[in-house]
Amino acid sequence: CKASERKGRSSKGEARRSLGAAKEKTLECGQIVWGLAFSAWPAAGETEPACAVALPCLILATGLNDGQIKVWEVQTGHLLFSLLGHQDVVRDLSFAPNGSLILVSASRDKTLRVWDLSRDGRQVQVLSGHVQWVYCCSISPDCSMLCSAAGEKSALLWSMRSYTLIRRLEGHQSSVVSCDFSPDSALLVTASYDACVIMWDPYTGEQLRTLRHVPLHSALDYSSEVHTSSLRSVSFSPEGLYLATVADDRLLRIWALELRSPVAFAPMTNGLCCMYFPHGGFIATGTRDGHVQFWTAPRVLSSLKHLCRKALRTFLTTYQVLALPIPRKLKEFLTYRTF
């Protein structure tokens, strides 16, 4: 933001005040903030809280240390909802990508809760099944599935239509701490303290491949001592051909799925989470010491084959693809069995 449009002289104090007014916005949550999720609020006439403006706006849900979820209108800083129900820290939040204002929260009280902001923040469902703190929740882009990770050796896959458990995804040897769906909902990745990322077919529960974090050659190792490779976070790129992972070996890795190996590394300390910019080209990482860092990520022009596969898989399940009267090799390609 520009501090001032004025071309005339001004004092340094005025410039500082102007700069502060231009760039600072604070939402006073009153508690430690553990989770964040953005969504768009639709225009008036669709669903509108009495306190919201009559135009489309951006809202932010904040998961707090005392179990509350506060939902804010970003532009005005107005508090829209205080959602009560969790008995412990709200660790993660995820809005349904279809704009329905369905919000899922994950908590240390070992539950996930589903909220409908279009119905005055009503609690729709409580999902129980984890025996440890729930760290992560991710809704598939087609809004049909929800994955949750809770520091257990298995991740749980839920139906977003019936809010029932579909299956447990078992295969990791240690705690699962992060999960993410591919942009076409055809793939699911989970990251674990066992230093592995497992790629799943969420429709069948099949393990498609495992990406192992092995120590780098000493010439590339930026750490001065031996560190474990426990994974902290995994994120799909917007075109669905790359993954970003953050591990305790002080490295951010970018993986090409077709190569099953990292194509880029970056040294980072105390990394906890990573996220691709929605339009690609950049990755944001968060650290224990309070910093967010931005990294240039490989850009790729997707092949026509992949674009067709991505388009088809946004509305066809694995079972529907397998039922098509097409050659076996084409089915394998469409179900990501040919990397």
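In the nomenclature of an unreviewed UniProt entry, the protein is known as WSB2 protein of Pedionomus torquatus. Quoted verbatim from the Pathway (unreviewed entry) field of the UniProt record, the comment on the protein reads "Protein modification; protein ubiquitination."

**Things to note about the overall build of the protein**
Counting its secondary structure elements, the protein contains four helices and 23 strands. Counting every position in the protein, which comprises 339 residues, the buried fraction comes to 49%. Summarising the internal contacts of the protein: among those between residues at least 6 apart in sequence, 42% fall at separations of at least 24. Surface accessibility of the protein: about 17000 Å² in total, with carbon and sulfur atoms responsible for 54%.

**Quick word on the UniProt feature "domain: SOCS box" (unreviewed entry) in the protein**
The UniProt record annotates "domain: SOCS box" (unreviewed entry) at residues 303-339. For residues 303-339, the end-to-end C-alpha separation is 14 Å, with 59% helix and 0% strand making up the annotated structure.

**Side note on the sheet that holds strand β20 (residues 261-267)**
Strand order across the open sheet formed by four strands is β17-β18-β19-β20, with antiparallel pairing between neighbours. For this open sheet the edge positions go to β17 (231-236) and β20, each flanked by a neighbour on one side alone. Across this sheet, the average inter-strand angle for adjacent strands is 20°, counted without regard to direction.

**What about the pairing of strand β12 (residues 165-170)?**
Of the pairings in the sheet, the one linking strand β11 (residues 154-159) to β12 comprises five bridges and is antiparallel in character. Each residue of the ladder has a partner; that of Ala 155, found in β12, is Leu 169.

**Regarding the sheet that holds strand β14 (residues 188-192)**
Reading across from one edge, β13-β14-β15-β16 is the order of the four strands in this open sheet, with antiparallel pairing throughout. Because the sheet does not close on itself, it has two edges, and the strands there are β13 (176-181) and β16 (206-212). Pairwise comparison of adjacent strand axes, ignoring direction, gives a mean angle of 20° for this sheet. As paired elements, strand β15 (residues 196-201) and β16 share six bridges and run antiparallel to each other. Residue Val 197 lies in a different strand from β16, and its bridge partner there is Leu 211.

**Thoughts on the side chain of Thr 111**
Locating Thr 111 in the fold gives a position in strand β7 (residues 111-116). Looking at Thr 111, the relative accessible area reads 10%, which means it is buried. A distance of 2.7 Å separates a polar atom in the side chain of Thr 111 from a polar atom in the side chain of Asp 109. Among residues more than four places away in sequence, those in contact with Thr 111 are His 86, Ser 105, Ala 106, Val 126, Leu 127, Ser 128 and Val 134.

**Some words on unusual backbone geometry**
Non-glycine residue Cys 143 carries a positive phi angle of around 65°. Mapping Cys 143 onto the fold places it in the loop between β9 (136-139) and β10 (145-149). On the basis of relative accessible area, Cys 143 is assigned to the buried category, the value being 13%. If you check the backbone angles, Tyr 163 has positive phi at about 55° while not being a glycine. Summarising the element assignment, Tyr 163 is placed in the loop between β11 and β12. Here Tyr 163 falls in the buried class, since its relative accessible area comes to 16%.

**Some words on the pattern of salt bridges**
Summed over the entire model, instances satisfying the criterion amount to seven salt bridges. Arg 253 serves as the salt-bridge partner of Asp 249, at 2.8 Å between the closest nitrogen and oxygen. Take Arg 253: its relative accessible area is 1%, and that puts it in the buried class.

**Focus: the packing of aromatic side chains**
Any pair of aromatic rings gets described here by the distance separating the centres and the angle formed by the planes. On inspection of all chains with the given rule, the structure shows two aromatic pairs. Here Phe 277 and Phe 282 contribute two aromatic rings whose centre-to-centre distance is 6.4 Å and whose plane-to-plane angle is 75°, an arrangement assigned as edge-to-face. The ring of Trp 34 has Arg 108 sitting right over it, with the charged end atom 4.5 Å from the ring centre. Note that Arg 108 overlies the ring of Trp 133, its terminal NZ or CZ placed 4.2 Å from the centroid.

About the criteria used
Residues numbered from 1 in each chain as written. Predicted model: local features only at pLDDT ≥ 70, side-chain atom pairs only at ≥ 80, totals over all residues. Heavy atoms only, no water. UniProt positions renumbered as here; feature names shortened; annotations may be inferred. Helix = DSSP H or I, 4+ residues; strand = E, 2+ residues; numbered from the N terminus. Buried < 20%, exposed > 50% of the residue type's maximum accessible area, 1.4 Å probe, protein only. Contact = heavy atoms within 4.5 Å. Areas by Shrake-Rupley, 256 points an atom, 1.4 Å probe, with all protein chains shown as cover. Pairing = 2+ DSSP bridges. Axes fitted to C-alpha atoms, helices over the stretch in contact; angles between N-to-C directions. Polar contact = N/O pair within 3.5 Å; in protein donor to acceptor, adjacent residues only side chain to side chain. Salt bridge = Lys/Arg side-chain N within 4 Å of Asp/Glu carboxyl O. Phe/Tyr/Trp six-rings, centres within 6.5 Å; stacked < 30°, edge-to-face > 60°. Lys NZ or Arg CZ within 6 Å of the ring centre and 35° of its normal.

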